[in-house]
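# Fold and geometry: a report
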Amino acid sequence: MQFSAEQIRIIKSKPNGHRLIKGAEGTGKTTVATNKIPGLLKHYCIDKTDRVLMVTYNEQALNYVSYIYDNIEQDKYIQSSFFDEDNSYKLEIKTIDSLIICYFNDYKKSHNLKLEIASNIECENILISAIKIVGKQYKKLKFLNNEYFNFIQEEINWIKSCNYTNCEEYQIARRSGKINNIENGKVIKLRRNSKQKEAIYEVFKEYNNRLRESNIVDSQDVILLALYEANKKNCKKYTHILVDDSQALTKIQLQFLKAIYNPKYILVLHL
């Protein structure tokens, strides 16, 4: 690939705090970031604990990054001596999901737990039960039934992805969620500090309690527990982190990456 002057500057620049690279799809952000890896490994991984992490959103992107890295040519941007050394132990290229699973497993091991990840069917059945129980407490709210299951499920996933730990945080959060009534076409907006939000948070709590009773976790819980593990001082950290397609990551996934970063350098790619 023929790099522009700006791309060459990014590849050759010294790590100097966080950096956000924005550009439309196909403008070479991923290629530039991948070509920066050899320089980081050669000149900015001095300590034995220094590591470079390249994070992708999915397997397809991971394969693309791996292909680029494996085919980096010896050119004027990379000193030939780099290719004479084995730097593989300093570099990890992972999807965000596989990385989170690693820290989730470390959490289970450190707490001697035998938690299992629930199937979609298990999560759905538990949520249906939670909606039914809370619906009896909020009989005036007509949306607490299976007709609005998808909406409630999406809202609970959103609460978890934002890592809200109490109802007050959820109540004041700006949320564009709407409840569509299929029968009469009415739309109920979720307003801040409302009974609707209070009820949904009660469903959220009941759902979580039932997961714990069954000794299982959903996919959002996996991220939360991985984040808890990542915040430990003695957990595995990375000196340099490069994030591909950051706009696809959730708030809690970004918090997780921040937690495993040993503050020296982070490069974020964003559409």
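First, a word on what this report is: a plain description of the structure on this page. Just so you know, these numbers come straight off a predicted model, no measurement behind them. Throughout, residues of each chain are indexed from 1 in the direction in which the sequence is written. Only residues with pLDDT of at least 70 are given local features in this predicted model, and only at 80 or more are side-chain atom pairs given and counted; all residues enter the totals for whole chains, interfaces and linings. Hydrogen atoms and water are omitted, and side-chain values are computed over all heavy atoms in the structure.

### Considerations on the environment of Arg-175
Helix numbers and strand numbers start at the N terminus; a helix is a DSSP run of H or I with at least 4 residues, a strand a run of E with at least 2. Relative to the elements of secondary structure, Arg-175 occurs in the loop between helix H7 (167-172) and strand E5 (178-180). Look at Arg-175 and you get partly exposed, because its relative accessible area is 21%. Contact between two residues is taken to exist if any of their heavy atoms lie within 4.5 Å; hydrogens are not considered. Discounting residues that sit within four places of it in the chain, Arg-175 has contacts with Glu-154, Glu-155, Trp-158, Leu-190 and Lys-197. Remark: exposure states derive from per-residue accessible area (1.4 Å probe, protein chains only) relative to the maximum for the residue type, with buried under 20%, exposed over 50%, and partly exposed in between.

### Focus: helix H4 (residues 96-110)
Every α-helical turn comprises 3.6 residues, leaving residues that sit three or four positions apart pointing alike. To estimate how far a helix should extend, the number of its residues minus one is multiplied by 1.5 Å. Taking 1.5 Å per residue as the helical rise, H4 with its 15 residues ought to reach 21 Å, and the 21 Å between its terminal C-alpha atoms agrees with that figure. At the C-terminal side of H4, Asn-112 shows a positive phi close to 55°.

### Things to note about the pairing of strand E2 (residues 52-56)
For a regular strand, side chains alternate in direction, first toward one face of the sheet and then toward the other. Counted residue by residue, E2 has five buried out of five residues, so it is predominantly covered. Burial along E2 is two-sided: Val-52, Met-54 and Thr-56 facing one way and Leu-53 and Val-55 facing the other are all buried. Should DSSP find at least two bridges between two strands, the strands are regarded as paired. Looking at chain direction, E2 and strand E3 (residues 91-95) are connected through five bridges and run parallel. Looking across to E3, one finds that Thr-56 is bridged to Thr-95.

### A look at the nonpolar core
Here is a general trend for soluble globular proteins: nonpolar side chains tend to be buried in one another's company. Put simply, buried Ala, Val, Leu, Ile, Met, Phe, Trp, Tyr and Cys residues joined by side-chain atoms within 4.5 Å make one nonpolar core. Within the largest apolar cluster, 32 residues are counted, with the highest numbers of intra-cluster contacts made by Leu-127, Leu-144, Ile-152, Ile-159, Tyr-170, Val-203 and Tyr-207. For this core, the leading source of residues is helix H8 (residues 195-213), giving seven residues. Apart from the residues lying within four places of it in its own chain, the contact partners of Leu-127 are Phe-149, Ile-152, Gln-153, Ile-156, Val-203 and Tyr-207. Counting 27 residues, the second-largest nonpolar core is a separate cluster that includes Leu-99, Tyr-103, Ala-226 and Phe-256.

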